[in-house]
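# Observations on the three-dimensional arrangement
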Amino acid sequence: MCKQVEPRAVMSMLNDLYSRYDRMLDQYGVFKVETIGDCYFVAGGLMHEDEDGMVAAMLEAAKQVALPTNGEPVQIRIGIATGPVVSGVVGQRMPRFCLFGDTVNTASRMESTGVPGAIHVSQSTYELLKDEAWLPTGGIEVKGKGLMQVCTGMYGYVRQGKGRVPPVRRCW
């Protein structure tokens, strides 16, 4: 994107998008871990169960922000994995709170292989959210893990009954 428009325009768009997400954090009880380039990393359920709805809210908020390249709404990819993590503050120069573990790596893989405007969930997450409408993907190949089973869904559309994603009760 920075090859097509001024980096300042990209920064402005990301600031608009991330500011919208920041305003949602307390409402949904999730913790902002960090931003890395165009990746906004949040974690829920670290201290207590978080409120439902952050995923749908993030998808909707993204639609309110225009891409600087063509003015179209931003479509984000969301990856979700469920499982244990280790947290702590690392570093001395610019110490920061970080999350580590296979769950973090799996969530990253879910996001990077996802479809714009939708979410990808791991099998562990699917097991907790079976009542949502999901589509099987056939799995993704993950280095060091092999084929991982993954489901995808357009959470906001499913919940609002717009019928874009037919409900699937078993992804695999």
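The structure we're discussing is the one just above.
Structure report, in brief. (Residues numbered from 1 in each chain as written. Predicted model: local features only at pLDDT ≥ 70, side-chain atom pairs only at ≥ 80, totals over all residues. Heavy atoms only, no water.)

## Focus: the side chain of H120
Note on placement: H120 falls in strand β6 (residues 118-122). For H120, the side chain forms a polar contact with the main-chain nitrogen of G114, separated by 3.4 Å. (Helix = DSSP H or I, 4+ residues; strand = E, 2+ residues; numbered from the N terminus. Polar contact = N/O pair within 3.5 Å; in protein donor to acceptor, adjacent residues only side chain to side chain.)

## Some words on the packing of helix α1 (residues 7-28) against helix α2 (residues 54-63)
The N-to-C vectors of α1 and α2 enclose an angle of 155°; their axes lie 10 Å apart at closest approach. By the angle class used here, α1 and α2 are roughly antiparallel. In the crossing of α1 with α2, the sense of the turn from one axis to the other is right-handed. Here α1 contributes L17, R20, Y21, M24, L25 and Y28 to the contact with α2, which in turn contributes M54, A57, M58, A61 and A62. Here the residues of the contact of α1 with α2 sort into 10 nonpolar, no polar and one charged. (Axes fitted to C-alpha atoms, helices over the stretch in contact; angles between N-to-C directions. Parallel < 35°, antiparallel > 145°, perpendicular 65-115°, else oblique. Left-handed = near helix turned anticlockwise from the far one by under 90°. Contact = heavy atoms within 4.5 Å. Nonpolar A, V, L, I, M, F, W, Y, C, P; charged D, E, K, R; others polar.)

## Regarding the environment of G146
Its place among the elements puts G146 in strand β9 (residues 146-148). In this view, G146 contacts I140 and E141; residues no more than four positions away in its chain are not counted.

## Section: the packing of aromatic side chains
Counted by the stated rule, this structure contains three aromatic pairs. Aromatic side chains Y18 and Y40 sit 5.2 Å apart centroid to centroid with 45° between the ring planes, which places their arrangement in the tilted category. Taken as a pair, Y18 in helix α1 and Y40 in strand β2 (residues 39-43) lie far apart in primary sequence, 22 residues in all. When sorted by exposure, Y18 lands in the same class as Y40, which is buried. Between the aromatic rings of Y21 and Y40, the centroid separation amounts to 5.1 Å while the plane-to-plane angle is 65°, which identifies the pairing as edge-to-face. Highlighted residues: Y21 in helix α1 and Y40 in strand β2, separated in sequence by 19 residues. (Phe/Tyr/Trp six-rings, centres within 6.5 Å; stacked < 30°, edge-to-face > 60°. Buried < 20%, exposed > 50% of the residue type's maximum accessible area, 1.4 Å probe, protein only.)

## Observations regarding the pattern of salt bridges
According to the stated counting rule, one finds seven salt bridges in the structure shown. Note that K32 is salt-bridged to D22, the shortest N-O span being 3.0 Å. Taken together, the residues span a long stretch of sequence, with K32 in strand β1 (residues 31-36) and D22 in helix α1 at a distance of 10 residues. One salt bridge connects K145 with D102, and the closest N-O pair in it is separated by 2.8 Å. Highlighted residues: K145 in the loop between β8 (140-142) and β9 and D102 in helix α3 (residues 102-112), separated in sequence by 43 residues. (Salt bridge = Lys/Arg side-chain N within 4 Å of Asp/Glu carboxyl O.)

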